[in-house]
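Analysis of the macromolecular model
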Amino acid sequence: MFQKNTKNRRISLVCILVMLVFIWGNSSLSGEESSEVSGFAAGLLSRIFGDAVLQATFLIRKLGHFTEFALLGWFLSWNGTLRGRPAVEALLLGLLAAMTDETIQLFVPGRAGMVQDVWIDFSGVLVGAGILALLRRRAKTD
């Protein structure tokens, strides 16, 4: 998984592109459409964890952003590792993706780009990249 080969670089790049399409596609949804998606997700989670989840829709939305950006951070770091690039490059690309995400929302009816969300998204990038770094370190010591 951590070897530097062309196949893995292509796979990691496809994963990055899929995540960006997913993230930015969701940001392009109107406020009403986005609320419907969040409501659907909350409904699914309430079946698993109970009705208290329905009261935490705001938290679910923020956790969703964090999670999708954690995956993006993982894939950016994986790609950077495969290409022999410094880790800071992946983090900066993740920050740029978060800023772009919130900028998109400035132009979508019923949505608002928020600095707070950039930091939530970037925190996800940091966690995703950090988990990959820890796993790589552990793999080297085993």
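Look up: the structure comes first, before these words.
Now for a quick tour of the structure. Not measured: the values here are computed from a predicted model. Each chain has its residues counted from 1, running along the sequence as written. Two thresholds apply to this predicted model, a pLDDT of at least 70 for residue-level local features and 80 or more for giving and counting side-chain atom pairs, whereas whole-chain, interface and lining totals are computed over all residues. Side-chain numbers here rest on the full set of heavy atoms in the structure, without hydrogens or water.

**So, the environment of Ala129**
For the record, the criterion: Counting from the N terminus, the helices are the DSSP runs of H or I reaching at least four residues and the strands are the DSSP runs of E reaching at least two. Contacts were defined at the residue level, with two residues in contact if any of their heavy atoms lie within 4.5 Å.
Its place among the elements puts Ala129 in helix α5 (residues 115–141). Taking the C-alpha atoms as reference points, Ala129 and Trp78, separated by 51 residues in sequence, lie 8.1 Å from one another. Each residue touching Ala129, except ones within four places of it in the same chain, is listed here: Gly73, Trp74, Ser77 and Leu91.

**Section: the pattern of salt bridges**
Close approach of charged atoms lets side chains of opposite charge pair. Convention followed: A carboxyl oxygen of Asp or Glu within 4 Å of a side-chain nitrogen of Lys or Arg is what we treat as a salt bridge. Only protein chains enter the accessibility calculation, which uses a 1.4 Å probe; a residue whose area is less than 20% of its type maximum is buried, one above 50% is exposed, and one in between is partly exposed.
As enumerated under the stated definition, the model contains three salt bridges in all. Of the charged contacts in the structure, one is a salt bridge between Asp117 and Lys62, with a shortest N-O distance of 2.6 Å. Highlighted residues: Asp117 in helix α5 and Lys62 in helix α3 (residues 57–82), separated in sequence by 55 residues. Under the relative-accessibility criterion, Lys62 is labelled buried at 15%. With its nearest N and O atoms 2.8 Å apart, the salt bridge here joins Arg83 to Glu89.

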